[in-house]
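# A closer look at the structure
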Amino acid sequence: ARGKALAALEGFMATVGGASESRPWLMILFSIIMTLLAATGMGNLEVKTSAFDLWVPTNMDAYQNFQYVTENFLSTNRGTVLLYEPRDGGNALREENLAEALQIHKNLTTDTFSPSGLGYNDICDRVSPELPCDVSNILMIFGYDTSTMRTMADAGIIYSTLNDLETVQNLPMSIYLGGIERDADTDLIVGAKILRLVYAMSASNTTHPERPEILKEVNELEDTLQDKFYWDFNADSSRLANIRMITTKSVDDEIGRLIKVDSVLFVASIIAIVFILCCTFIKSPNGAVRSRFVAGLSAFVIIMFSIMFAFGMMGSIGVPMNSICIMICFVVAGVGVDDMIVIENFYSKALEDGLPKGKRMSEALKHGGLSVFLTSASSVLAFASGTGLYIPGIVQFCTCGSLCFFWIFFLSITFFPAVLVLDQQRVEANMAQCLCCCCLSGSATAPAEAPAKTDESTKKKLKSTRAGEMLTPLLTSSLGRMIIPLLCVAFAGANGYFLTLNGTGLSVTDVVPDDSYVVELVETTDEFWTGRLTRGLQMVFKGDHYADEAEVTKMMEYFTWVEEQWYIVGVTGASSGHWYGAYVAWLEAKGLNRYTDFHDHLADFFSEPATKGWRSQVTCTTSYETCTEIKCAQFPIIQSSAIDTAELYVIEVEMNDKVEAMGFDAFNFLDEFGYADADSTIELSTLQNLSFALAVVLILMILLMHSGAAVCIFFCVLFIDIDLLGMLYLWGVTLSSVSFTGLVMSIGLSVDYNVHIAHAFLHGEGETLQERTKYTLDLMGGSVLKGGLTTFIGTVVLSMASSTAFRIFFKICFGTVVFGIIHGVFLMPILLGHMITLKPSIMKGSTVAVEP
């Protein structure tokens, strides 16, 4: 069955090759039309930028909770954080610094408006439109009034007020102050290096009774705040301090800037790859005629067409794209160039063998096309395996990759062979390279075309190469056949140990440019708050249990437990309180019972101007005007912990387990819990996906190749993956969504190096191990090394990327090329020699190896 499948596949490839040679222009036109038809879907392509929507697993609790909160509550919480740090490194609580900070507060809250006329007071987080904004920072002790601050400074009571808040009211000043200096004897605050000013916002108009969504205007205001209080403020040399600032949209904006900056490097990388490819097609003597430099430029067209096809198909089937999909361009360039080198190599061999016109490309694709099919199918399936994950960003990347690789294969057996045929017609017409659409005659006479020879016995012997001459003695010697496999196994074993030591997660500083203001803020936070962040957490309770005294008592017990945890700051409701406390006070003020009268007056509470703002924390089963039952409600509280997803995951699990154990249908929601969930599963997801991809490669190779060669390819790719995982640890790269996408890509590249060598070994000539090994290296060793060299040179360009995320991609590509060449060129021939039995009587003139 396998022999029939191979024969059918070889026959198909030969037919396609014959069509390319007999009607090259028609084949080119067909490829272009098919590409353009698929590309029409690009008009429907959606681009996703939200980090939460892209990188949080959709099957995890945090994602489901995010969807629930988004669907059931009025507004999305947003915020702006400013860090005020004196330029002289002195005390930020000095009178002149506090006066400047108060002026900043005034300008931000009252004097700054977006182009649409929106100001901070329109979107600030507030309980009710009639009540003031909920602003939480140290300036509140002065009532946000400069004259009050100066009066307190003159009276010398600023520090005593701060210490009373911390010791008497149990409000940690570390929420608002960084680099706190304390008296050695009393442990009282005597100074601070930096102020943290937090301004809570909403994505809705909080001055409007119904709070309509105005996300576009809010984004404009955040841009205005960023310009005025970061760029303009810090550029003013008369200022006493520097501002570090971040808004809700800052990270997404900086990722977008990263793509714009580093896309230049990706383009340069692709140019380098294609240029090296063109250089490998230069031939002598009479290089002006015989070289295929210009034909190599068709790689640009193939790369562009494959990307157009992928994006068009994604638009047609409704799969969005994201910023990381830009890396596909580089992967496509590296692998596409490898395929072109292989096909050109087999086509050149057909010419050297003197095959007549009409049979050259058929013979080239019969063997080279089969090799390209095996590598492309492995790559497509490896990427397709990633589409089964629950991380949308990875699914989109893998979908894009599988589509690109599929079309690269299509163009490699249609468009490129037709280009080669046309280029060969130029050579035989003694025409020089075509530049600027003008063909120049060669200055030298091209050698006459060799007469057609079809007798197998009269074919030219394969030209000996330096790779074959140098490596064959090493790879066929007894010592080499023993030492090289042992070294590879030992190296894989050591790297297998290192991968068990690796951590998970990716810092926000890794996904933005190195010079980003986000990096400045995170580094400042690390310095003055030892990496701890303060966040607003929501405790969400589903259902209506508020008329049941026992249930309410139990809920209050949970609140008390939460407030006692080391990662919680303050009390439930934070500084503004919560809806339940406000409703109970409202009922009691009217002489009503909090339990028996609970449901009867909800509509009145949510309709009165002074209290309707609490709608943001509650959703009723009906409209607020007719509300008699609570569908769900949220209770805010302040959470503070390290910038560490592993720590956040422990907190998430502990809080959710506790509330579930108490019998509530409830959860605790924090945006960062989503990233914690992602990092908690990325290690298992990586191992599962790589294992599945390896299994797919093994099955595919067994179906279409000699089973011994399939096993050799499997182990080589396995060793490469293990070496890459170990290298990540040694190079300081943790497992994350970025490294995961790189590892999926690595399978596509590493399979190439090994399959081409195995295919040449199986279909080669030579009755002894030395002859077969030398034939394999002479035929494909140079092509593999050329392909590795082009990818390597392109990879080096990425080492200059402006973010850690893209440098991680460089490291994985670098490792894949190095380990791929080592295993493909050095280990694979040795393993094939051990696994495959060569029988002279059968192998001579045969295209099938013998099963051991």
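Residues numbered from 1 in each chain as written. Predicted model: local features only at pLDDT ≥ 70, side-chain atom pairs only at ≥ 80, totals over all residues. Heavy atoms only, no water.

### Quick notes on a nonpolar patch on the surface
Rules: Distance thresholds for patches are 9 Å for like charges and 5 Å for nonpolar side chains (Val, Leu, Ile, Met, Phe, Trp, Tyr), applied to residues having over 30% relative accessible area and no salt bridge. Each accessible area is a Shrake-Rupley result for a 1.4 Å probe, and residues are judged covered by the shown protein chains and nothing else. Each reported salt bridge corresponds to a side-chain nitrogen of Lys or Arg within 4 Å of a carboxyl oxygen of Asp or Glu. The secondary structure listing takes helices from DSSP runs of H or I that are at least 4 residues long and strands from runs of E that are at least 2 residues long, numbered from the N terminus.
A contiguous nonpolar surface patch, about 550 Å² in accessible area, is contributed by Leu26, Leu29, Phe30, Ile33, Met34 and Leu37. Tracing the sequence through the fold places Leu29 in helix 2 (residues 24–39).

### A look at the packing of aromatic side chains
Note the threshold: Planes of paired rings set the category: under 30 degrees apart is stacked, over 60 is edge-to-face and the rest tilted, where pairs are Phe, Tyr or Trp rings (Trp by its six-membered ring) whose centres lie within 6.5 Å. Exposure classes here rest on a 1.4 Å probe applied to the protein chains alone. A residue is buried below 20% of its type maximum, exposed above 50%, and partly exposed in between. We call a charge positioned over a ring when the NZ of a Lys or the CZ of an Arg lies within 6 Å of the ring centre and within 35 degrees of the ring normal.
Counted according to the given criterion, the structure contains 48 aromatic pairs. With a centroid separation of 5.2 Å and an interplanar angle of 85 degrees, the aromatic rings of Trp566 and Tyr567 are classed as edge-to-face. When the ring of Phe714 is compared with that of Phe715, the centres are 5.4 Å apart and the planes differ by 80 degrees; the resulting orientation is edge-to-face. With relative accessibility at 37%, the residue Phe715 sits in the partly exposed group. Between Lys542 and the ring centre of Tyr68, over which it is positioned, the NZ or CZ distance is 4.5 Å. The cationic tip of Arg772 hangs over the ring face of Phe761; the distance from NZ or CZ to the ring centre is 5.7 Å.

### As for a negative patch on the surface
What counts here: Working convention for charge: Lys and Arg count positive, Asp and Glu count negative, and His plus the chain ends are omitted. Just so you know, the charge point we use is NZ for Lys, CZ for Arg, CG for Asp and CD for Glu.
A cluster of acidic residues, Asp61, Glu654, Asp657, Glu660 and Asp665, forms a negative patch on the protein surface. With 3 residues, the single largest contributor to the negative patch is helix 24 (residues 645–661). Inspection of the secondary structure puts Asp657 in helix 24.

### Here we look at the confidence of the model for the protein chain
Using the following cut-off: The predictor attaches a confidence to each residue, and that confidence, scored 0 to 100, is pLDDT. Note on contacts: a residue pair qualifies if any of its non-hydrogen atoms lie within 4.5 Å across the two residues.
Per-residue pLDDT for the protein chain has a mean of 85; in total, 91% of the residues score no lower than 70. Taking the mean pLDDT of every element in the protein chain, the minimum, 37, falls on helix 30 (residues 840–843) and the maximum, 96, on helix 2. Low pLDDT, under 50, characterises residues 435–458; the predicted model gives this stretch 34 contacts beyond four residues in sequence or across chains. Per-residue pLDDT stays below 50 along residues 840–852; that stretch engages in 26 contacts with residues further than four places along the chain or on separate chains.

### A closer look at the packing of helix 1 (residues 2–22) against helix 15 (residues 360–385)
Two numbers describe a pair of packed helices, the interaxial angle and the distance between the axes. Put simply, the test is: Here an angle of 0 to 180 degrees is reported between the N-to-C directions of two axes, which are lines fitted to C-alpha atoms, with helices fitted over the stretch in contact. Each angle is binned into one of four classes, with values under 35 degrees roughly parallel, values over 145 roughly antiparallel, values of 65 to 115 roughly perpendicular, and all other values oblique. With the far helix as reference, a near helix turned anticlockwise by less than a right angle produces a left-handed crossing, and one turned clockwise produces a right-handed crossing.
Closest axis-to-axis distance for the helix 1/helix 15 pair is 7 Å, and the angle between their directions is 130 degrees. As judged from the angle between their axes, helix 1 and helix 15 are oblique. Note on packing geometry: the crossing formed by helix 1 with helix 15 is right-handed. Judged by residue contacts, Leu6, Leu9, Glu10, Met13, Ala14, Val16, Gly17, Gly18, Ser20 and Glu21 of helix 1 engage Arg360, Met361, Ser362, Leu365, Lys366, Gly369, Leu370 and Phe373 from helix 15.

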